[in-house]
Amino acid sequence: MIFPVHTVDEAYGACYPDEPLATNDKRYVDLNEARGGDKLTDFIADRIRRTPVGRFHQQLISGHRGCGKSTELQQLKTLLERSGYFVVYFDAETALDLSEIKYQDVLVAITKAIEQTLRDSDIELNPKLRQELDLWFADHILLEEKRTDWETSLKTEFGVDSKFPLLRVLAAIAGQIKSGSSRRNEIRQKVDRELGLFLDRLNSLIEAARSAVRLGNFHDLVVIVDGLEKMQFREEKDGRSNHSILFIEHAEHLNSPRCHIVYTVPIFLAHNDNLRDSFTDEPFILPMVNQNSDSGKTALRQIISRRVVIEEVFSDPASVDSLIAMSGGSVRDLLRLVRSACEGTSDLIRPTNVERAINRMTNELDRLLQDEDLDALIEVARKGVVTSYKVAGKLLRLRLVHEYLNGERWADIHPILRRIRRVNEALKDTRKETENNRNV
């Protein structure tokens, strides 16, 4: 598809909301000024560059789903590569089962991604080390039933007897973890029992990889683990969340790979004090775009205009401003609104189509908002900040509340929520109560 597109039918496909943009994609818009914070790519690249030899930078990145993290991480990958680093990037959404992720799964996925990226880049590891890793992962982690299958397959296809190409072994292990079967728990238990040795083998692979990439004139190795912030939220019987268990209770294990590493984390964990105790540096929070500022409006309009010729697709180009205002500065919600406005028309997007799209999203958020969360929501609208960890855990996760940055952090409820009757009435009651208190 050539952008920007000229028809409503093309606009629907051009505004797919969950597509990270590559560095050279013409649709990319630099939102840094509109966000009001540090530039993610420069900030993290500088931290990695300034880390002394022998130490490794572990960086957490967070932000609302749909704020553009994956696109910025693609920009970071390219910047690091241009600066002479060998970057291993993988998306947890495709590599793991987001409905249930444990720290063992993440470590296995990192191991496989490093091996895969080295092979794809034709970078060879020491053959003796590779064979040792082959045998160790096959003997200690790969389940007996699956190991037998691999032995038969390798012998039939290649005439290889009891030798395991490391990538295929790791692929088998990763596949069993993602499958969701009982095998996944068995592998996790094996990793737990062999944890010390597992980490030794992982770091042997990493050290060999670092040596190999340096021979290829790279400065060092960087691993970027994207998509972990999308893991489904679950509260355990003891009140702990699966998010806290992974990133706080098992922070030591996530920090164990001896290389520079970047993880994405759920945004509400940034409101948990223990996260700062678990990782050396504070998380980088990618804020929403302030859709009410001049720079925000301009940037969000560019996001649409680089995909769609606005004057040819919208009967009234000014109606784009309504979509921007109702997006709350979320790139994902903005593109969803444009796609929704494409429905029900074939020639032009008219103001009635725009209003229908906004109404659909209003109903969607109305269903998400529970009455018991209304007081907390109104408190955010009144104070302009998220102060409660419990509030952060739910309202931020559901994107009913957005965080912004303008010198200091601030928050507001999603603008579409103000169209919901019960929210509007609660806000009116709050204003009346405030006025009465002033008159006492």
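Residues numbered from 1 in each chain as written. Predicted model: local features only at pLDDT ≥ 70, side-chain atom pairs only at ≥ 80, totals over all residues. Heavy atoms only, no water.

## Remarks on the overall build of the protein chain
Item 1. Looking only at helices and strands, one finds 22 helices and seven strands in the protein chain.
Item 2. Since a compact globule built from 440 residues should have a radius of gyration of about 22 Å, the 24 Å found for the protein chain is in line with a globular shape.
Item 3. Summarising its shape, the C-alpha atoms of the protein chain cover approximately 80 × 55 × 45 Å along the three principal directions.
Item 4. Residue burial in the protein chain is summarised as follows: out of 440 residues, 53% are buried.
Item 5. A fraction of 74% describes how many contacts in the protein chain between residues 6 or more apart in sequence connect residues 24 or more apart. (Helix = DSSP H or I, 4+ residues; strand = E, 2+ residues; numbered from the N terminus. Rg over C-alpha atoms; globule rule 2.2 N^0.38 Å. Buried < 20%, exposed > 50% of the residue type's maximum accessible area, 1.4 Å probe, protein only. Contact = heavy atoms within 4.5 Å.)

## Topic: the confidence of the model for the protein chain
Item 1. A residue-level look at the protein chain finds 90% of positions with pLDDT of 70 or above and a mean pLDDT of 88.
Item 2. Predicted confidence is poor over residues 157-164, with pLDDT under 50, and the contacts of this stretch with residues over four places away or in other chains come to 18 contacts.
Item 3. The model gives residues 434-440 a pLDDT under 50, and that stretch makes zero contacts with residues more than four places away or in other chains. (pLDDT = per-residue confidence, 0-100.)

## What to know about the sheet that holds strand E5 (residues 284-286)
Item 1. Read from one edge to the other, the open sheet built from five strands follows the order E2-E3-E4-E1-E5, with strand pairing classed as parallel. Pairing within the sheet leaves two strands with one partner each, and these edge strands are strand E2 (86-91) and E5. Recorded for the sheet is a direction-independent mean angle of 15° between the axes of neighbouring strands.
Item 2. Two strands pair when backbone bridges link them, and strand E3 (residues 221-226) and strand E4 (residues 260-264) are joined in this way by four bridges, in the parallel orientation. Across the sheet, the residue bridging to valine 223 is isoleucine 261, located in E4. (Pairing = 2+ DSSP bridges. Axes fitted to C-alpha atoms, helices over the stretch in contact; angles between N-to-C directions.)

## Quick look at the packing of helix H7 (residues 127-140) against helix H11 (residues 195-215)
Item 1. It is the contact of H7 with H11, at a shortest axis distance of 11 Å, that shows an interaxial angle of 155°. On the basis of their axis angle, the class for H7 and H11 is roughly antiparallel. As H7 packs across H11, the resulting crossing turns out to be left-handed. Facing H7, whose interface residues are Leu129, Leu133, Trp136 and Phe137, H11 presents Leu197, Phe198, Arg201, Ser204, Leu205 and Ala208.
Item 2. In the contact of H7 with H11, the residues fall into eight nonpolar, one polar and one charged. (Parallel < 35°, antiparallel > 145°, perpendicular 65-115°, else oblique. Left-handed = near helix turned anticlockwise from the far one by under 90°. Nonpolar A, V, L, I, M, F, W, Y, C, P; charged D, E, K, R; others polar.)

## A word on the environment of leucine 98
Item 1. Residue position: leucine 98 is located in the loop between helix H5 (92-95) and helix H6 (103-120).
Item 2. Sequence separation between leucine 98 and asparagine 32 is 66 residues, and the spatial gap between their C-alpha atoms is 29 Å.
Item 3. Non-local contacts of leucine 98, meaning those with residues more than four positions away in its chain, are made with Ala92, Glu93, Gly227, Lys230, Met231 and Gln232.

## Some thoughts on the side chain of serine 241
Item 1. Here serine 241 lies in the loop between E3 and helix H12 (242-249).
Item 2. For serine 241, a relative accessible area of 6% gives the class buried.
Item 3. A polar contact is formed between the side chain of serine 241 and the backbone nitrogen of serine 244, at a distance of 3.0 Å.
Item 4. Residues in contact with serine 241, not counting those within four places in the same chain, are Phe233, Arg234, Glu235 and Phe268. (Polar contact = N/O pair within 3.5 Å; in protein donor to acceptor, adjacent residues only side chain to side chain.)

## Topic: the side chain of arginine 27
Item 1. Structurally, arginine 27 can be placed in the loop between helix H1 (8-14) and helix H2 (32-35).
Item 2. At 3.2 Å, the side chain of arginine 27 forms a polar contact with the side chain of glutamate 19.
Item 3. A polar contact is formed between the side chain of arginine 27 and the side chain of aspartate 25, at a distance of 2.7 Å.
Item 4. Contacts of arginine 27, omitting those with residues within four sequence positions, involve Phe3, Ala14, Glu19, Leu21, Arg306 and Arg307.

## Quick notes on the packing of aromatic side chains
Item 1. Enumeration over the complete set of coordinates arrives at four aromatic pairs.
Item 2. With a centroid separation of 4.4 Å and 20° between ring planes, the pair formed by tyrosine 404 and tryptophan 410 is classed as stacked.
Item 3. Exposure remark for tyrosine 404: the relative accessible area of 3% places this residue in the buried category.
Item 4. A relative accessible area of 26% means that tryptophan 410 is categorised as partly exposed. (Phe/Tyr/Trp six-rings, centres within 6.5 Å; stacked < 30°, edge-to-face > 60°.)

## Here we look at unusual backbone geometry
Item 1. The omega torsion across phenylalanine 3 and proline 4 is 0°, close enough to zero to call that bond cis.
Item 2. Within the secondary structure, proline 4 sits in the segment before H1.
Item 3. Phi is positive for aspartate 122, which is not a glycine, with a value near 55°.
Item 4. Looking at the secondary structure, you find aspartate 122 in the loop between H6 and H7.
Item 5. Under the relative-accessibility criterion, aspartate 122 is labelled exposed at 66%.
Item 6. Its identity is not glycine, yet arginine 399 carries a phi of approximately 60°, on the positive side.
Item 7. Within the fold, arginine 399 resides in the loop between helix H21 (389-396) and strand E6 (401-406).

## Notes on H11
Item 1. With 21 residues, H11 should reach 30 Å at 1.5 Å per residue; the first-to-last C-alpha distance of 30 Å fits that figure.
Item 2. When we look at burial in H11, the residues that qualify are Leu195, Phe198, Leu199, Leu202, Asn203, Leu205, Ile206, Ala208, Ala209, Arg210, Ala212 and Val213.
Item 3. Just downstream of H11, asparagine 217 is the residue with a positive phi angle, here 70°. (Expected span 1.5 Å × (residues − 1).)

## Some words on the nonpolar core
Item 1. If you look at the biggest cluster of nonpolar residues, it comprises 63 residues, and the most contacted ones within it are Phe137 and Phe198.
Item 2. For this core, the leading source of residues is H11, giving ten residues.
Item 3. Residues contacting phenylalanine 137, with those up to four places away along its chain left out, are Thr111, Leu142, Leu166, Val169, Leu170, Ile173, Phe198 and Arg201.
Item 4. Counting 53 residues, the second largest nonpolar core, distinct from the first, contains Ala299, Ile310, Phe314 and Leu365. (Core = buried A, V, L, I, M, F, W, Y, C linked by side-chain atoms within 4.5 Å.)

## Quick notes on the pattern of salt bridges
Item 1. Counted under the stated rule, the structure contains 34 salt bridges.
Item 2. In this structure, arginine 409 and glutamate 403 form a salt bridge, with 2.9 Å as the shortest nitrogen-oxygen distance.
Item 3. For arginine 409, a relative accessible area of 41% corresponds to the partly exposed category.
Item 4. The network of salt bridges with common partners includes Asp97, Glu100, Asp105, Arg184 and Arg188. (Salt bridge = Lys/Arg side-chain N within 4 Å of Asp/Glu carboxyl O.)

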